[in-house]
Amino acid sequence: MSLYCGIACRRKSFWYFRLLSTYVTKTRYLFELKEDDDACKKAQQTGAFYLFHSLAPLLQKSGHQYQAPRHSLLELESLLAKFGQDIQRIEDSVLIGCSEQHEAWFALDLGLNSSSSINASLQKPEMETELKGSFTELRKAVFQLNTKDASLLTTAQALLRWHDAHQFCSRSGQPTKKNMAGSKRVCPSNKIIYYPQMAPVVITLVSDGTRCLLARQSSFPKGMYSALAGFCDIGESLEEAVRREVAEEVGLEVERLQYSASQHWPFPNSSLMIACHATVHPGQTEIQVNLKELEAAGWFSHDEVATALRKNNPYTQQQYGTFWLPPKLAIAHQLIKEWVEKPSCSTLPA
Ligand SMILES: NC(=O)c1ccc[n+]([C@@H]2O[C@H](COP(=O)([O-])OP(=O)(O)OC[C@H]3O[C@@H](n4cnc5c(N)ncnc54)[C@H](O)[C@@H]3O)[C@@H](O)[C@H]2O)c1
Ligand SMILES: [Mg+2]
């Protein structure tokens with residue numbers, strides 16, 4: 001190797017090293033764990049496990065705060081041994097992320113029926129006592145945790161739920177086998193690969209230039225109004241889904257639309273919420289509510305919505321039945337907040 005080449009290579013590797021940010025190395029590490037069962041199994045040795053029971057995550061309370069505890073492999077093995085369970089059950093865990101130091105994080109459900117362990121549904125109260133925590137329904141848990149943990153647990157639950165519901169091949173009827181990370185399942189008899197799925201959903205905040213349109217379904221908590229939402233039909237583009245949903249639910253024709261943001265939403269099943277602002281012509285704003293889909297819909301002024309955002313406390317408002325908006329965690333809230341803060345959302349460019 002010439003001196004020049006040596007310097008060039010060192011420079012190259014220096015820049016290569018410099019260019020690979022923490023985020024990139026983390027992403028590449030997770031990719032490796034998804035692709036390589038041995039690497040993933042090895043990562044479990046030094047990894048940490050979030051525990052669930054029948055899709056409810058384990059939470060611990062410390063003072064007024066809730067947290068989602070993590071357990072090491074050793075702690076998990078001794079827990080399973082204590083409850084007379086096969087440690088083989090750990091193979092049911094799914095990879096959900098890793099720390100910046102590459103500590104891999106897994107989620108394991110101790111209550112669902114397991115393909116790798118018989119009589120796997122462990123006793124919930126005994127487990128809670130042993131773990132000094134409680135398995136809390138996810139809808140409650142997400143409001144008690146910080147955003148990072150809430151997001152991690154919703155991902156974990158979505159993945160655990162998907163595996164639980166896809167244990168058999170829909171073509172051969174044979175049991176499917178998950179890879180170590182849980183990023184896919186394969187049917188051993190015909191090699192069909194199944195990947196975890198999310199349903200795309202559009203959520204649209206319609207404006208007529210000064211007001212925004214909010215609606216409620218009869219299943220919503222009392223008094224809560226949100227933006228219009230609907231599942232994308234197969235073959236539809238995002239734009240087509242927005243136009244169809246708005247026409248179907250409130251009988252209006254969208255003129256312009258603009259993408260805002262997206263969010264994974266685990267309720268009732270995994271959806272990818274795609275949020276948009278849309279405008280209708282100011283002269284064509286008469287709502288015709290589709291009562292098969294919605295209970296009510298109406299136009300709300302900037303002031304009404306801004307006031308509701310300022311006082312948004314689901315617990316008190318639900319009690320008194322006043323008009324209130326979805327909680328901060330929901331993308332609907334972010335979309336409505338953006339409309340209040342940015343006048344450009346009411347007058348989208350052509
Ligand atoms: N995160 C948020 O801010 C937020 C806000 C509003 C709604 N959402 C979510 O959006 C989702 C869709 O909203 P919607 O209920 O108004 O949808 P929608 O208007 O499409 O109506 C629901 C109906 O669509 C049909 N449907 C078609 N494809 C479906 C699929 N893949 N899964 C289930 N049903 C399907 C069913 O008949 C169902 O009853 C809801 O599940 C809700 O949880 C999230
Ligand atoms: Mg809808």
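Residues numbered from 1 in each chain as written. Chains lettered and ligands numbered in written order. Predicted model: local features only at pLDDT ≥ 70, side-chain atom pairs only at ≥ 80, totals over all residues. Heavy atoms only, no water.

The name given to the chain in an unreviewed UniProt entry is NAD(P)H pyrophosphatase NUDT13, mitochondrial, with the source organism recorded as Zalophus californianus. According to the UniProt record, the Function (unreviewed entry) comment for the chain reads "NAD(P)H pyrophosphatase that hydrolyzes NADH into NMNH and AMP, and NADPH into NMNH and 2',5'-ADP. Has a marked preference for the reduced pyridine nucleotides. Does not show activity toward NAD-capped RNAs; the NAD-cap is an atypical cap present at the 5'-end of some RNAs." Of the comments in the UniProt record for the chain, the one headed Subcellular location (unreviewed entry) reads "Mitochondrion". (UniProt positions renumbered as here; feature names shortened; annotations may be inferred.)

Asks: Teacher, can you tell me more about the coordination of the magnesium ion (ligand 2) here?
Replies: Under ideal tetrahedral coordination, the four donors around a metal are separated by 109.5 degrees; under ideal octahedral coordination, the six donors are separated by 90 or 180 degrees. Looking at the magnesium ion (ligand 2), the protein donor atoms are Ala229 (O) and Glu249 (OE), and they sit 2.1 to 2.2 Å from it. You can see alanine 229 sitting in strand E13 (residues 228–231) and its partner glutamate 249 sitting in helix H8 (residues 238–250), a full 20 residues away along the chain. For alanine 229, a relative accessible area of 26% corresponds to the partly exposed category. (Donors = N, O, S within 2.8 Å, 3.2 Å for Na, K, Ca; no water. Helix = DSSP H or I, 4+ residues; strand = E, 2+ residues; numbered from the N terminus. Buried < 20%, exposed > 50% of the residue type's maximum accessible area, 1.4 Å probe, protein only.)

Asks: Looking at this structure, I do not really get the side chain of serine 207. What am I missing?
Replies: Among the structural elements, serine 207 can be located in strand E11 (residues 199–207). Overall, the relative accessible area of 0% leaves serine 207 in the buried class. At 3.1 Å, the side chain of serine 207 and the backbone nitrogen of glycine 209 are in polar contact. Contacts of serine 207, omitting those with residues within four sequence positions, involve Cys212, Ala278, Thr279, Val280, Trp299, Trp339, Cys345 and Ser346. (Polar contact = N/O pair within 3.5 Å; in protein donor to acceptor, adjacent residues only side chain to side chain. Contact = heavy atoms within 4.5 Å.)

Asks: Honestly, the pairing of strand E2 (residues 56–62) in this entry has me stumped. Any pointers?
Replies: As a general feature of sheets, a regular strand has side chains that alternate between the two faces. The buried fraction of E2 is high, at five of seven residues. The sheet contact formed by strand E1 (residues 48–53) and E2 spans two bridges and is antiparallel. Among the inter-strand pairings, histidine 53 is bridged to a residue of E2, identified as alanine 56. Taking the residues between adjacent antiparallel strands as the criterion, E1 and E2 are bridged by two residues, where serine 54 takes a positive phi near 50 degrees. Summarising the sheet, E2 and strand E7 (residues 134–135) pair through two bridges and their orientation is antiparallel. Within the sheet, the bridge partner assigned to leucine 58 lies in E7 and is phenylalanine 135. The sheet contact formed by E2 and strand E3 (residues 65–67) spans three bridges and is antiparallel. (Pairing = 2+ DSSP bridges.)

Asks: Please clarify how the nonpolar core should be interpreted in this entry.
Replies: Counting 26 residues, the largest nonpolar core has Leu33, Leu51 and Leu76 as the members making the most contacts within it. Sorting the residues of this core by element identifies helix H2 (22–35), helix H3 (37–46), E1, E2, helix H4 (73–82), strand E5 (94–98), strand E6 (104–109) and helix H5 (124–131) as the ones contributing at least two each. Per-element tally for this core: the top contributor is H4, with four residues. Excluding residues within four positions of it along the chain, leucine 33 makes contact with Ala39, Cys40, Ala43, Leu95, Ala104 and Ala181. (Core = buried A, V, L, I, M, F, W, Y, C linked by side-chain atoms within 4.5 Å.)

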